[in-house]
Amino acid sequence: GESMQPMIRDGSVLLVDLSQTHVVDGRIYALRYGDELRVKRLFKRLDGTLIIRSDFAECYPEEVVSGSDLEQLQIIGRVVWVGGVV
């Protein structure tokens, strides 16, 4: 989709480091949230709440995940490389 444009375009190839599941603010991660696979920027608050943010924020508002909803979120790994057709 277009939610991570211009950094990641629809159809891009991503390299995901599965060993990097600890959230570093502002980095891009592949994650599973419920039944959906997503690629988003993550931010962690001091209380453990996670903020899921798209780069195309005008059309995709950020999501706040806290409490029992955190159990539905699995961080697969950090996106370390993006490639695609020019």
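Up top is the structure.
Residues numbered from 1 in each chain as written. Predicted model: local features only at pLDDT ≥ 70, side-chain atom pairs only at ≥ 80, totals over all residues. Heavy atoms only, no water.

Visitor: Help me out: how do you make sense of the overall build of the protein in this one?
Guide: In terms of helices and strands, the protein carries 0 helices and 6 strands. The linear arrangement of helices and strands in the protein, starting from the amino end, is β-β-β-β-β-β. In terms of C-alpha radius of gyration, the protein reaches 13 Å, essentially the compact-globule figure of 12 Å for 86 residues. Expressed along its principal axes, the backbone C-alpha trace of the protein runs to roughly 40 × 30 × 25 Å. Taken across its 86 residues, the protein has 29% of its residues classed as buried. Residue pairs in contact within the protein that sit at least 24 positions apart in sequence constitute 52% of those at least 6 positions apart. Within the structure as shown, the protein displays about 5700 Å² of accessible surface, and the carbon and sulfur contribution to it stands at 51%. Side-chain charges of the protein comprise 10 positive and 13 negative groups, with the mean position of each set lying 6 Å from the other. (Helix = DSSP H or I, 4+ residues; strand = E, 2+ residues; numbered from the N terminus. Rg over C-alpha atoms; globule rule 2.2 N^0.38 Å. Buried < 20%, exposed > 50% of the residue type's maximum accessible area, 1.4 Å probe, protein only. Contact = heavy atoms within 4.5 Å. Areas by Shrake-Rupley, 256 points an atom, 1.4 Å probe, with all protein chains shown as cover. Lys, Arg positive; Asp, Glu negative; His and termini not counted. Charge placed at Lys NZ, Arg CZ, Asp CG, Glu CD.)

Visitor: So what exactly am I meant to see when it comes to the pairing of strand β6 (residues 73-83) here?
Guide: Within a regular strand, side chains alternate between the sheet's two faces. Here strand β1 (residues 13-17) runs beside β6; their pairing, made up of 5 bridges, is antiparallel. Bridge pairing links Leu15 to Trp81 in β6. Judged from the 5 bridges that link them, strand β2 (residues 28-33) and β6 form a sheet pairing that is antiparallel. The partner of Tyr29 across the bridge, within β6, is Arg78. (Pairing = 2+ DSSP bridges.)

Visitor: Looking at this structure, how should I read the packing of aromatic side chains?
Guide: In this description, an aromatic ring pair is defined by two values, namely the gap between the centres and the angle between the planes. Within this structure, the stated rule accounts for 1 aromatic pair. Arranged with centres 6.2 Å apart and planes meeting at 55°, the rings of Phe56 and Tyr60 form a pair that is tilted. Across the ring face of Tyr60, the terminal group of Lys40 is positioned such that the distance to the ring centre comes to 5.6 Å. (Phe/Tyr/Trp six-rings, centres within 6.5 Å; stacked < 30°, edge-to-face > 60°. Lys NZ or Arg CZ within 6 Å of the ring centre and 35° of its normal.)

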